[in-house]
Amino acid sequence: MGDPHTYLPALLSRPGSVHLAAWDDADRIIAVGHLMPDRSDAEAALLVEDEWQNRGLGSRLLQHLGEYALGGLWKTVYGLVLRDDKRIAAILSHTTVPVYCSEESGTTTAWAHTYDLATDPHLRHRSVLRTGR
């Protein structure tokens, strides 16, 4: 992916984007989640350090990104998933909202309608969150 210093400033400063992180006890970032505007939609991305996999961090980050998506006025939230990524497939299989998928060239695009997120009982702050959009 190249030198992060070349692309992180643009990524982190995208208007309306949301960036979340989880730290361990040594104050190291062990997981990140991003919600980035893409016209009338928002792209969600998750990254969890290998040794912290299967502890619910990705699910929690996705849940919190969903809370922000409700305040962003986007039609859908989507993410790109590699064919062999069984961990994100497991996270998506446990969501309480319908997740739709389409595959192209070994990459799956998974998306949910934002209005379905409003019915998720896990999303607590529906009407109060705003992303600055």
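This one's a predicted model, so the numbers in the text were calculated from it and none came from an experiment.

**Student:** Which residues make up the pattern of salt bridges, and what are the values?
**Tutor:** Inspection of the entire model under this criterion finds five salt bridges. The partner of Glu51 in a salt bridge is Arg28, and the shortest N-O contact between them spans 4.0 Å. One end of the pair, Glu51, is in the loop between β3 (41–48) and α2 (57–71); the other, Arg28, is in the loop between β1 (18–23) and β2 (29–38), and 23 residues separate them in sequence. A relative accessible area of 54% means that Glu51 is categorised as exposed. The closest approach of N and O atoms between Arg39 and Asp38, which form a salt bridge, is 3.3 Å.

**Student:** Could you give me a rundown of the sheet that holds strand β5 (residues 100–104), with the residues and numbers involved?
**Tutor:** Spatially, six strands are ordered β1-β2-β3-β4-β6-β5 in an open sheet, and the strand pairing comes out mixed. The open sheet has two free edges, formed respectively by β1 and β5, since each of these has just one partner strand. Sheet twist, expressed as the average angle between the axes of neighbouring strands with direction ignored, equals 20 degrees. Here seven bridges tie strand β4 (residues 76–82) to strand β6 (residues 107–113), and the two strands are oriented antiparallel to one another. Residue Tyr78 lies in a different strand from β6, and its bridge partner there is Trp111.

**Student:** How would you sum up the packing of aromatic side chains? Please name residues and give values.
**Tutor:** Aromatic ring pairs are reported here in terms of the distance separating the ring centres and the angle at which the planes meet. Enumeration according to the criterion identifies one aromatic pair in this entry. Looking at Arg55, its charged tip hangs above the ring of Trp52, at a distance of 4.4 Å from the centre.

How each quantity is defined
Residues numbered from 1 in each chain as written. Predicted model: local features only at pLDDT ≥ 70, side-chain atom pairs only at ≥ 80, totals over all residues. Heavy atoms only, no water. Salt bridge = Lys/Arg side-chain N within 4 Å of Asp/Glu carboxyl O. Helix = DSSP H or I, 4+ residues; strand = E, 2+ residues; numbered from the N terminus. Buried < 20%, exposed > 50% of the residue type's maximum accessible area, 1.4 Å probe, protein only. Pairing = 2+ DSSP bridges. Axes fitted to C-alpha atoms, helices over the stretch in contact; angles between N-to-C directions. Phe/Tyr/Trp six-rings, centres within 6.5 Å; stacked < 30°, edge-to-face > 60°. Lys NZ or Arg CZ within 6 Å of the ring centre and 35° of its normal.

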